[in-house]
Amino acid sequence: MSAARRNVEIKAVDPDPARTLERALALGASDQGVIAQRDTYFAVPTGRLKLREQEPGGAELIAYERPDEVTVRVSAYRLVPVAHPGELRAALEAAAGIRVVVAKQRRLLLWRTVRIHLDDVEGLGPFVELEAVADAGSDLSGERGLVAHVRAALAIEDAALREGSYADAAIAAAPDPDLLALAREAAGRAYAPYSGFPVGAAVRTADGRRFAGANVENAAYPQGQCAEASALGAMVAGGGSDVAEVVVVSPGRELCAPCGGCRQRLREFMPADAPIHLADLERVRYTTTLRALLPLSLGPESLA
Ligand code: THU
């Protein structure tokens, strides 16, 4: 395998890519043109593993571990050229599964050792990234200085900085608005006189149907049922079986994360990386996945 390399990098949303391009050219960066990139992220247990296919350009497998810091961060990664991307993708998909696919158009500019990426990411919009590849043994201060210089020239503001990868952002993308509305309506109809904690849940199936449920409590307390269980019951009764997205709404101040039992219930019907949005009546407060909520779990395929 190739030796590990290090990058110093930042990522930011870009409100005005044309302006950023002008500023980069004014700085003296050289325009290398636009590359279409498709990154397939595999569902590996630690770190990140993605197959990058680019046009023009070849394919490479990139393994990396990156701390998700908003400010300048350092990532260590390995790059392996790939001669047969289709075959590699199929092999890794069979062995590990695909987490998410991120497609983008990247305009690449170079200024000294800093790569400037003007990215238009499908489903996420325009971003700008700065990356300085570190020399072996460098204490990174030089690379940090170069990145800071380009950042100032491009006028990238603190509020625009983003942590995490495009893969995380793609998974956490805004929930289906109709699903959110359904979960909110269900929360409004919850029967929770004992806890005073109404919850609504809605699931969207892979074929695009939506089912909602609310928590239903009972004077015999243990007979109470969670909103997720109600929504899944409605889905099964409606003939659905594959959940692609979940919204759980609780109107209160407390974030309502699915209870342990409901994580297992969802596990029966949904893949590890489908989004689970936790919301209140105003906004989505947290987006997660079963991979995060229920690691090392038993599912229907274990018994098959
Ligand atoms: N509840 C849900 O409906 N979903 C969850 O994921 C957590 C808890 C309900 C159960 C009970 O009616 C109330 O919230 C307080 O626990």
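What comes next is a walk through the structure. Note that the structure is predicted; figures quoted are calculated from it, not measured.

1. Details of the overall build of the chain
What the chain contains, in helices and strands, is 9 helices and 13 strands. Expressed as lengths along the three principal axes of its C-alpha atoms, the size of the chain is roughly 70 × 40 × 35 Å. With 304 residues in all, the chain has 43% of them scored as buried. When contacts within the chain are restricted to residue pairs at least 6 apart in sequence, long-range pairs at least 24 apart make up 62% of them.

2. Things to note about the environment of P300
Relative to the helices and strands, P300 is located in helix 9 (residues 300-303). With relative accessibility at 33%, the residue P300 sits in the partly exposed group. Counting along the chain gives 33 residues from P300 to R267, while the straight-line C-alpha distance between them is 8.4 Å. Excluding residues that lie within four positions of it along the chain, P300 makes contacts with R267 and E268.

3. What about the site of the ligand?
The local shell around the ligand consists of S195, F197, V199, N215, E217, C226, A227, E228, C256, A257, P258 and C259. Note that an oxygen atom of the ligand is positioned 2.4 Å from one of the side-chain N or O atoms of E217. E228 is positioned such that a nitrogen or oxygen atom in its side chain is 2.6 Å from an oxygen atom of the ligand. For the shell around the ligand, the residue count by class is 8 nonpolar, 2 polar and 2 charged.

4. Brief notes about the sheet that holds strand 1 (residues 5-13)
Sheet strands line up and pair through hydrogen bonds in the backbone, either parallel or antiparallel. Here we have 8 strands rolled up into a closed barrel, ordered 1-5-4-3-2-6-7-8, and antiparallel in their pairing. Strand-to-strand twist in this sheet, taken as the mean axis angle between neighbours without regard to direction, amounts to 35°. Pairing of strand 2 (residues 30-42) with strand 3 (residues 48-55), which is carried by 6 bridges, proceeds in the antiparallel orientation. Looking across to strand 3, one finds that T40 is bridged to L51. The strands that helix 2 (residues 85-96) touches are strand 2, strand 3, strand 4 (59-65), strand 5 (73-82) and strand 6 (98-111); relative to strand 3, the one it contacts most, it runs at about 155°.

5. A short note on the sheet that holds strand 10 (residues 210-214)
Read from one edge to the other, the open sheet built from 5 strands follows the order 10-9-11-12-13, with strand pairing classed as mixed. The open sheet has two edge strands with one neighbour each: strand 10 and strand 13 (284-288). Averaged over all neighbouring strand pairs, the angle between strand axes comes to 15°, with direction disregarded. With 4 bridges connecting them, strand 12 (residues 276-279) and strand 13 associate as antiparallel partners. Following the sheet pairing, I276 is matched in strand 13 by T288. Its contacts with the sheet put helix 5 (residues 177-188) on strand 9 (200-205), strand 10, strand 11 (243-249), strand 12 and strand 13, and the angle it makes with strand 9 is roughly 150°.

6. Side note on the side chain of R48
Examined against the element boundaries, R48 turns out to sit in strand 3. For R48, a relative accessible area of 15% translates into the label buried. Of the polar contacts made by the side chain of R48, one reaches the side chain of D168; its length is 3.0 Å.

7. Points about helix 7 (residues 260-267)
Residues that lie three or four places apart on an α-helix share one face, since the helix turns once every 3.6 residues. Restricting attention to buried positions, one finds in helix 7 the residues C262, R263, L266 and R267. Projection of helix 7 onto a plane perpendicular to its axis shows the buried side chains occupying an angular sector of 150°, all on one side. As for helix 7, its buried residues are in contact with helix 6 (227-237), strand 11, strand 12, helix 8 (290-293) and helix 9.

8. Observations regarding unusual backbone geometry
Here the residue pair E55 and P56 is connected by a cis peptide bond, since its omega of 0° sits within 30 degrees of zero. Assignment of secondary structure puts P56 in the loop between strand 3 and strand 4. With a phi close to 75°, L140 is a non-glycine residue in the positive phi region. Among the secondary structure elements, L140 is positioned in the loop between strand 8 (125-133) and helix 3 (141-154). The phi torsion at A155 lies on the positive side, around 55°, for a residue other than glycine. Topologically, A155 is positioned in the loop between helix 3 and helix 4 (166-171). Taking the relative accessible area as the measure of exposure, A155 reaches 40% and is therefore partly exposed.

Reading guide: rules and limits
- Residues numbered from 1 in each chain as written.
- Predicted model: local features only at pLDDT ≥ 70, side-chain atom pairs only at ≥ 80, totals over all residues.
- Heavy atoms only, no water.
- Helix = DSSP H or I, 4+ residues; strand = E, 2+ residues; numbered from the N terminus.
- Buried < 20%, exposed > 50% of the residue type's maximum accessible area, 1.4 Å probe, protein only.
- Contact = heavy atoms within 4.5 Å.
- Near = heavy atom within 4 Å.
- Polar contact = N/O pair within 3.5 Å; in protein donor to acceptor, adjacent residues only side chain to side chain.
- Nonpolar A, V, L, I, M, F, W, Y, C, P; charged D, E, K, R; others polar.
- Pairing = 2+ DSSP bridges.
- Axes fitted to C-alpha atoms, helices over the stretch in contact; angles between N-to-C directions.
- Arc of directions from axis to C-beta.

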